[in-house]
Amino acid sequence: MSTVQVPEIKKGLEGVYFTVSNVSAINGQEGRLVYRGIPIEALAEHSSFEETSFLLIEGRLPRRDELETFVQTLRRNMDVPGQVIDALKKLPRSTHPMDALRFGVSALVGFDAEVMDPREGLALMGKDEEARRAYWEKGKRMGIRLIAKFPTLVAAWHRIRQGLPVVDPLPDLSHAGNFLYMMFGEKPTPTAERVMDVALILHAAHGMNASTFTAIVIASTAVDMYSAIAGAIGALKGPLHGGANQLVLAQLREIQARGGVSRVEEWLEELLSRKGRVMGFGHRVYKAYDPRARILKKWAGELAKEKERELYEIAVKLEEINIQKLGEKGIFPNVDFYSGLVYGALGIPTEFFTPIFAVARVSGWVADVLEYWKENRLIRPRAWYSDQVWDRPYVPIDER
Ligand SMILES: CC(C)(COP(=O)(O)OP(=O)(O)OC[C@H]1O[C@@H](n2cnc3c(N)ncnc32)[C@H](O)[C@@H]1OP(=O)(O)O)[C@@H](O)C(=O)NCCC(=O)NCCS
């Protein structure tokens, strides 16, 4: 009998490099994040979501005229066809906003004037440089249209769910401002608009995370941008990825119901004793404090008022004790730990926290798909067949 060499298996693809990307990068040991080499702190302080999206997609900061054109392109493309809104209205109201968003993105494809013949994608693999470029440019235009429509879709579902009329975007508001305006039907305060802008910047890209990888896996089959983005939304929904932010607030509220700050330690010990997880803590790559959490913590502290103040104080205490207990293992707050408090203070319902992540991350998905398409190769790994049985008999149904 021949002996079979078992390959090394990298569960969760941990530490595996499968491509080159300069879109964004994390230094997990030092807790650093850059977009196209620019530190996240500088972008959060000086940039806007629109400028950051241009940076991610084009690989450099825009000149003033380029930014103006990009902003106008986004604003022109924010509207969602009435038929898609009508289709959303037919969904059960219990549909999670991430599912409604994925549905909306899938519904949009047929309304895109540049809708692709599936054969077009083969241009990515051919020698015709012009055809390849044309496909890439088309994908970029589709991606930018999707970035523009995400806030509209998310806000529309919020309004529909509440039985309220859908609000159209305003041409003079920023991307972040329009999102809040379409959610609530009134112009946001300058502070609310700025906080939302910062949150979108912070969530726009993050190395080879699960949803970006999903988008790339799908895009590597040379399919259209809509399919890649719809798949990425599914990956982002999971509680180990973007879905964590809505669960953080639930944990903080649980502690609040148990008596507040004085009960944090007891609650944590009980959770850890049954191997439970503190949501918004820990990260596959960061083994230090997530720089995005530091920025959001500051905003959460500034915005927290009255009842929410207690939730913020619980969060700060939980962070302190959890770092004492788990910091040695490299487990620190991640971006989700304080984002929920910030969104809560802006009046956003909990189920819409993960969709905000999507409104931001779609820029990173588009940028990384475009980067991958420059040298596309079908992603097709293998799973080890540990049984190594190649001639198991087929037993007829009556003999089993
Ligand atoms: C994000 C996450 C999945 C990454 O983890 P990972 O690299 O797969 O790490 P593992 O799940 O292998 O965990 C390693 C150890 O740390 C512990 N750990 C990791 N995250 C933890 C958390 N949030 N709370 C408590 N313990 C945690 C695990 O229990 C495990 O302990 P053990 O070695 O004693 O078994 C994980 O930290 C997690 O579940 N976090 C909570 C969800 C979350 O906030 N997700 C958003 C990420 S941006």
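Since the structure is predicted, the reported quantities are computational estimates derived from the model, not experimental observations.

Peer 1: Just give me the short version of the overall build of the chain, but keep the residues and values in it.
Peer 2: Per the secondary structure count, the chain includes 16 helices and three strands. At 23 Å, the chain has a C-alpha radius of gyration in line with the 21 Å of a compact globule built from 400 residues. Seen along its three principal axes, the alpha-carbon backbone of the chain occupies a region of about 65 × 60 × 50 Å. Here the chain, with 400 residues, has 44% of them falling under the buried criterion. Expressed as a percentage of contacts within the chain between residues at least 6 apart in sequence, the contacts between residues at least 24 apart total 77%.

Peer 1: Residues and numbers for the domain arrangement of the chain, please.
Peer 2: The assigned domain composition of the chain is domain 1 (24–239 + 361–373) and domain 2 (244–345). Computed from C-alpha atoms alone, the centre-to-centre distance between domain 1 and domain 2 is 28 Å. Between domain 1 and domain 2, the residue contacts involve 17 residues of the former and 17 residues of the latter. Broken down by secondary-structure element, the contributors of at least two residues to the side of domain 1 that touches domain 2 are β2 (32–35), α1 (40–46) and α8 (190–203). Class assignment for the residues of the side of domain 1 that touches domain 2 results in nine nonpolar, five polar and three charged.

Peer 1: Explain the site of the ligand residue by residue, including any values.
Peer 2: Taken together, 16 residues surround the ligand, and among them A244, R277, F281, G282 and R284 come closest. Its residues placed into classes, the shell around the ligand shows eight nonpolar, four polar and four charged.

Peer 1: With reference to specific residues and values, describe unusual backbone geometry.
Peer 2: Peptide bonds are trans in most cases, and residues, glycine excluded, mostly fall at negative phi. One non-glycine residue, R36, lies in the positive phi region at around 50°. Its place among the elements puts R36 in the loop between β2 and β3 (38–39). Its 19 C-beta neighbours within 10 Å are what place R36 among the partly exposed residues. Located in the positive-phi region is A222, a residue other than glycine, with phi close to 65°.

Cut-offs and rules
- Throughout, a residue's number is its position along its own chain's written sequence, starting from 1.
- Only residues with pLDDT of at least 70 are given local features in this predicted model, and only at 80 or more are side-chain atom pairs given and counted; all residues enter the totals for whole chains, interfaces and linings.
- Numbering of helices and strands runs from the N terminus; a helix is a DSSP stretch of H or I covering at least four residues, while a strand is a stretch of E covering at least two.
- As a reference, a globule follows 2.2 Å times the number of residues to the power 0.38, and the radius of gyration itself is taken over C-alpha atoms.
- Buried means a residue has 20 or more other C-beta atoms within 10 Å of its own C-beta, exposed means 12 or fewer, and partly exposed covers the counts in between; C-beta atoms are placed from the backbone.
- By the convention adopted here, residues are in contact when the distance between their C-beta atoms, placed from the backbone, does not exceed 7 Å.
- Boundaries of every domain are those given by an automatic assignment or by a domain database.
- Three categories are distinguished: nonpolar for Ala, Val, Leu, Ile, Met, Phe, Trp, Tyr, Cys and Pro, charged for Asp, Glu, Lys and Arg, and polar for the others, with Gly belonging to the last.
- Nearness rests on one distance test: the residue's C-beta atom, set from the backbone, must lie within 6 Å of the molecule or strand.

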